[in-house]
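Coordinates in review
What follows is each chain in one-letter form.
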Number of protein chains: 2
Amino acid sequence: MPNIYINVHFKDEILDPQGRTILGALLKQGLNGLNEVRQGKQFLLKFENDLTAEQFSEIQRLAKELLSNPVIEVFSIEVKDEA
Amino acid sequence: MPNIYINVHFKDEILDPQGRTILGALLKQGLNGLNEVRQGKQFLLKFENDLTAEQFSEIQRLAKELLSNPVIEVFSIEVKDEA
């Protein structure tokens, strides 16, 4: 059955204070070579049947209108056929 | 340069009230066939150079100890060579 992952992150030009804090913590723990950390959200949507074209375009619409804020965030959608 | 994505989700047996709320909202918007929604976090780590084996095992350790709570959460790591 298809699992849909919707990843939502701040746009590159938007400050991400939580990411900055995590960057500091990881550097302090000795993780060298790390430049930047961005914290985002990931929504996992589990469907009972294979997706129709209509469902997929509906997912794209809802990712844009409901799950992300297009003013400050970008999203990506991954489809994985998982157990 | 390599980008590391660390995805953190609740374990299957852990209740996810935020996911339940989003499930209700998506069904109300007419997204049929949706069974379940789980909300997780996604950390994007940007590195300045290709990763060494030491860095990668360090990332695994920190994902487990710092970025997730092994009692209630699971994590996965994706490595993507992005611009």
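Residues numbered from 1 in each chain as written. Chains lettered and ligands numbered in written order. Predicted model: local features only at pLDDT ≥ 70, side-chain atom pairs only at ≥ 80, totals over all residues. Heavy atoms only, no water.

1. Remarks on the interface of chain A and chain B
Applicable threshold: Between two residues, a contact is recorded if the distance between any of their heavy atoms is within 4.5 Å. Buried area: the accessible surface (1.4 Å probe) lost by two parts on joining, summed over both. Think of it as three bins: nonpolar holds Ala, Val, Leu, Ile, Met, Phe, Trp, Tyr, Cys and Pro, charged holds Asp, Glu, Lys and Arg, and polar takes everything else, Gly as well.
With 34 residues of chain A at the interface, the matching set in chain B holds 34 residues. Here chain A packs against chain B, burying approximately 3100 Å² in sum over the two surfaces, 56% of which is carbon and sulfur. When residues of chain A are sorted by the area they lose upon contact with chain B, Leu31(A), Gln42(A) and Lys46(A) head the list and together hold 20% of the total. Here the residues of the side of chain A that touches chain B sort into 14 nonpolar, ten polar and ten charged.

2. Quick look at the relation of the copies chain A and chain B
Heads up, the rule is: Least squares is used to superpose the copies, and the fit set is the C-alpha atoms of residues whose pLDDT is at least 70 in both copies.
For the match of chain A to chain B, the screw axis carries a shift of 0.0 Å, the RMSD comes to 0.0 Å, and the turn is 180°. Such values leave the two copies arranged in the relation of a two-fold axis. Considering only C-alpha atoms, the part of chain A nearest the rotation axis is Lys41(A), at 2.2 Å. Here 100% of the interface residues in chain A have copies in chain B that are interface residues too; the copies meet face to matching face.

3. Some words on the sheet that holds strand E3 (residues 73-81) of chain B
Note the cut-off: At least two DSSP bridges between two strands are needed for those strands to be called paired. Secondary structure is summarised from DSSP: a helix means a run of H or I of at least four residues, a strand means a run of E of at least two, and numbering begins at the N terminus for each. Structural elements are reduced to axes, namely lines fitted to C-alpha atoms, with helices fitted over the stretch in contact, and the angle between N-to-C directions of any two is expressed from 0 to 180 degrees.
Here six strands make up an open sheet; going across it, the order is E3(A)-E1(A)-E2(A)-E2(B)-E1(B)-E3(B) and the pairing antiparallel. Across the chains shown, the open sheet's two edge strands, defined by having one partner strand only, are strand E3 (73-81) of chain A together with E3 of chain B. Direction aside, the axes of adjacent strands within the sheet are offset by 25° on average. Relative to strand E2 (residues 34-47) of chain B, strand E1 (residues 2-10) of chain B runs antiparallel, the two being bridged by six bridges. Bridge pairing in E2(B) places Tyr5(B) opposite Leu44(B). With respect to the sheet, helix H2 (residues 53-67) of chain B is in contact with E1, E2 and E3 of chain B, its orientation differing from that of E3(B) by roughly 145°.

4. Observations concerning the pattern of salt bridges
Oppositely charged side chains may form a pair once their charged atoms are brought near each other. Using the following cut-off: We count a salt bridge whenever a side-chain nitrogen from Lys or Arg sits within 4 Å of a carboxyl oxygen from Asp or Glu. A 1.4 Å probe rolled over the protein chains alone gives each residue an accessible area, and that area as a share of the maximum for its type sets the label: buried under 20%, exposed over 50%, partly exposed in between.
This model, assessed by the stated rule, comprises 14 salt bridges over all chains. As a salt-bridge pair, Glu36(A) and Lys46(B) come within 3.7 Å of each other at their nearest N and O atoms. With Glu36(A) in strand E2 (residues 34-47) and Lys46(B) in strand E2, this residue pair bridges two chains. A salt bridge links Glu36(B) to Arg38(B), with the shortest nitrogen-to-oxygen separation between them at 3.6 Å. Owing to a relative accessible area of 27%, Glu36(B) belongs among the partly exposed residues under this scheme. Connected through salt bridges with shared partners, the residues Asp12(A), Glu36(A), Arg38(A) and Lys46(B) form a single ionic network.

5. As for the environment of Ile6(A)
Residues and elements named next belong to chain A. Counting through the fold element by element, isoleucine 6 comes out in strand E1 (residues 2-10). Here isoleucine 6 falls in the buried class, since its relative accessible area comes to 0%. With 39 residues separating them along the chain, isoleucine 6 and leucine 45 place their C-alpha atoms 8.0 Å apart. Leaving out residues up to four positions away in the same chain, isoleucine 6 has contacts with Lys41, Gln42, Phe43, Leu45, Ile59, Ala63, Leu67, Phe75, Ser76 and Ile77.

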